[in-house]
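Now for the letters of each chain:
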Amino acid sequence: EFPHEAAGAQGSPQARQACGMGVEEDLLQPEGDEGRRGDATEDELRDDALYSVARMTELLKSGSDAQRLMMLLEIQQLLEHCAQHTLRAVLPVVTENCHSWSGEARSAVAQTFMKVANSSMLPEVAKMISVCAFRVIKASAGAQELFEQWVDILVAVLPSVDWTDDELARVLALIDAHSVRVADVSRKLAARVLGAISTGLAPEEVAGKILTRALVLSEDSNIEVRGMLAESFAFIGARVDEQLLEERVWPCLDRLIADKNARIHAATLRTIAYISNARKEAGSVTSKFLRDRLMPIFLTHVAMAKERAICDQRLVDDDQYLLLEIFAECFGAMVFACGPNLESENDRKAVCKCFLELGTCNAPVIRRHCSYNLPGVAKALGSKYAGEMASLAEFLAHDPDVETRFNLAAGLCATTKEIVSKATHDRLLAAMTSCLGDRNALVRTSTLCCFAELLRALSLHTPHSAYKKLGTQLKSLSESAEGNWRTQEVLAQQIESAVDLLPPVTIQAVVVPLLLRMAEDSTARVRKACMKCVSLCVLQFSLTSQREEIVSRLKQEWAESLVFWMRISFLDAACSAASCFGTPAFRQLWAEPTLRLAHDSVPNVRLRLARSLHILLPLCGEMNSFADAVKTLEHDEDMDVLRELLDFKEKYLVEGVPPGPEGLTDLDEVPSTPRRRKTLRAAFNTLGSPRRFVTEKIGLSPRAPLRPSPLRPQDDDVGDAKKVDRKGLLLLRSPRNIE
């Protein structure tokens, strides 16, 4: 028995406080009139409880099994929307009474708690669930499936629990009771819990209270108990100091890895890899220990795997295949830990050959592990074996197993950075091209997310002309991304990051048409990303005639389009161009068609232009067309346009705040200089003071906000332009009407 009444006390303040940041006193109180509820039928009470967490707790305490099941299913939904409130009200009741419910109800609670256990939780919540798990495990000894469900929950929450000394003593006493029982399942539970609880304890407590119990169970006669203890040693060995690891833990691991049972051998091999990797990352292990203890084990298994990997894996026995699969899984962690100690060239050559044999065998799961470990192995072996690693990457890029290709795509960027050179460039580029054109969407997306970084790493060893063939892959990617706006947005962003690496011929023939087609057929977010990328594409051409050709096409198809959101998209492209073009080039290519939109018939377009004036001001401030656009917007009939123009003139023309290309509008974010202020005022000396823009006749202060127009669609909606009923609006039709 595990007595912990304080943590599981029903309705106690401590229990309620453990589940959240405090709770109101009436949270658990029933709602409504008690007399009316006394006359209600059972079905009415059950239906009424679906809308009240407090009444759910009543049915959980005193309802039937059918009612509890219904409430538990509803609680699973509530945890996704209001987890904190639900836990505060329900968790004390469930943890106190769950062990006495039926097996079906306990299984439903297990499904609910598993979702909680896999998320971040407070230590007090984890403690209450662990206490409940101990009680249910004791009551479910005869039900194997239910027993395993609650053991999984217990192991998941134990690392998050902060035990007091008294509570830890009770837990260890309960573990000791399980470890000496005749039933194998009890000793297996004790072996598994020892590993889980050690991750939440201090190293001194692990060494003094956990290690001795684990060493005793490691000599158990049952294979499953020893195997479970071999897995628990991974967490125990990662917590103790190096002296205890070498003197007490490692001899036990040597004995377990020499076990005749392949399952124990495989579990111990995985444990050794975990301990070595964890301690190497933490810097808590010496190279002498790795050389003397880990290297012999690793090289022995390298020789074993190199001999068995060349065989047909369909014909080998299960034990040999299990060891080969687990070693392929642990290969990356072990070679990472042993890397600096692989001083012998023969050892490095043997490791490389073994990895190539594993990566090209006819077992999909083994190849899957090799594609996952490829970046780490490439880094550990160094540049001397870069050619072999690049060949393996190209081979795995065409693997028939989709998970193998996905693992390769996820680590292809890291692999490329480690082994890229003139000798390996073509093979790595072929691997990237194959992944970009993969028939599986996840593989394509994983490669696409690091496309720019990959291309930049490859470009260090090749001229831009080598990427002419990428146009075909990009075109194929855009076609496969149709209907998926997220993939289209990522594609546009990656092209933007890598556009300076693409040859101008590819940009003009493939990239720009691709971006314009995506912008025309997709959502507002994709249009903004595409237009920003198009403006950067224009900048890549050195000849003015080529730039003018693309901008002229944009002007005809977008700035003069009959669809208002296409004209808004052209404004997005112009604003992006303002951040990368020089003043003469911007005025020549972008300024006139952009400022002409001040006369647009759709208020949304004029509003977007008014909001973009501060971006255009540094480049076009001295142009007559800019002054004409501002004057035109001064007489606009739309209230929102007038308000934006008023804000623009007050911030940038009177106060002289220099706007930046990114569209900063906060006065505190942009430094103001007297020289800049003088230049801006001189550029607009014909516009007059914006304070005359608002008259005193209608009682508006210079800073009074104007009422926005009702029924305005979003700027990026693709529907009709807004139709505003202006009846009842302010009398501020235009500055001319006011004055």
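Residues numbered from 1 in each chain as written. Predicted model: local features only at pLDDT ≥ 70, side-chain atom pairs only at ≥ 80, totals over all residues. Heavy atoms only, no water.

## Some remarks on the packing of helix α7 (residues 83–97) against helix α8 (residues 103–117)
- Contact geometry of α7 with α8 gives a least axis separation of 13 Å together with a crossing angle of 130 degrees. As judged from the angle between their axes, α7 and α8 are oblique. In this structure, α7 crosses over α8, and the sense of that crossing is left-handed. Here Leu-87, Leu-91, Val-94 and Thr-95 of α7 come into contact with α8, specifically with Val-109, Phe-113 and Val-116. (Axes fitted to C-alpha atoms, helices over the stretch in contact; angles between N-to-C directions. Helix = DSSP H or I, 4+ residues; strand = E, 2+ residues; numbered from the N terminus. Parallel < 35°, antiparallel > 145°, perpendicular 65-115°, else oblique. Left-handed = near helix turned anticlockwise from the far one by under 90°. Contact = heavy atoms within 4.5 Å.)

## Notes on the nonpolar core
- Of all hydrophobic cores here, the largest spans 222 residues; its most connected members are Trp-150, Phe-233, Phe-331, Leu-358, Leu-515 and Trp-590.
- The residues touching Trp-590, leaving out its near neighbours within four places in the chain, are Ser-535, Val-538, Val-551, Leu-554, Phe-570, Ala-573, Ala-574, Ala-577, Phe-581 and Ala-585. (Core = buried A, V, L, I, M, F, W, Y, C linked by side-chain atoms within 4.5 Å. Buried < 20%, exposed > 50% of the residue type's maximum accessible area, 1.4 Å probe, protein only.)

## A short note on the packing of helix α21 (residues 386–396) against helix α22 (residues 402–419)
- In contact at an axis separation of 10 Å, α21 and α22 are set at 155 degrees when each is read in the N-to-C sense. Overall, the two elements α21 and α22 adopt an arrangement that is roughly antiparallel. As α21 packs across α22, the resulting crossing turns out to be left-handed. Residue-level contacts link Ala-386, Met-389, Ala-390, Ala-393 and Leu-396 of α21 to Thr-404, Arg-405, Leu-408 and Ile-419 of α22.
- Of the residues in the contact of α21 with α22, the class split is seven nonpolar, one polar and one charged. (Nonpolar A, V, L, I, M, F, W, Y, C, P; charged D, E, K, R; others polar.)

## Notes on helix α24 (residues 441–448)
- Looking at α24, one finds that the buried residues are Val-443, Arg-444, Ser-446, Thr-447 and Leu-448.
- Buried residues in α24 make contact with α22, α23 (425–436), α25 (451–458), α26 (470–480) and α27 (485–498).

## A look at the packing of aromatic side chains
- Here the structure, examined in full by the defined rule, presents eight aromatic pairs.
- The interplanar angle of 70 degrees and the centroid separation of 6.1 Å between the aromatic rings of Phe-581 and Trp-590 together place this pair among those described as edge-to-face.
- For Phe-581, a relative accessible area of 5% corresponds to the buried category.
- For Trp-590, a relative accessible area of 0% corresponds to the buried category.
- Put simply, the rings of Phe-298, Phe-327, Phe-331 and Phe-355 pair up and form one aromatic cluster. (Phe/Tyr/Trp six-rings, centres within 6.5 Å; stacked < 30°, edge-to-face > 60°.)

## Describing the pattern of salt bridges
- For the coordinates displayed, the defined rule picks out 29 salt bridges.
- For the salt bridge of Arg-192 with Asp-152, the shortest nitrogen-to-oxygen distance reads 3.0 Å. One end of the pair, Arg-192, is in helix α12 (residues 184–198); the other, Asp-152, is in helix α10 (residues 144–157), with 40 residues separating them in the sequence.
- Notably, a salt bridge pairs Arg-368 with Asp-401, separated by 3.2 Å at the nearest N-O pair. Taken together, the positions of Arg-368 in helix α20 (residues 364–381) and Asp-401 in the loop between α21 and α22 put the pair 33 residues apart, joining distant regions of the chain.
- Here the salt bridges share partners, and the residues they tie into one network are Asp-184, Arg-187 and Asp-220. (Salt bridge = Lys/Arg side-chain N within 4 Å of Asp/Glu carboxyl O.)

## Examining a negative patch on the surface
- Together, Glu-479, Glu-482, Glu-520 and Asp-521 make up a region of like negative charge exposed at the surface.
- Mapped onto the secondary structure, Glu-520 falls in helix α28 (residues 504–521).
- On the basis of relative accessible area, Glu-520 is assigned to the partly exposed category, the value being 44%. (Patch = residues over 30% accessible without salt bridge, like charges linked within 9 Å, V, L, I, M, F, W, Y side chains within 5 Å. Areas by Shrake-Rupley, 256 points an atom, 1.4 Å probe, with all protein chains shown as cover. Lys, Arg positive; Asp, Glu negative; His and termini not counted. Charge placed at Lys NZ, Arg CZ, Asp CG, Glu CD.)

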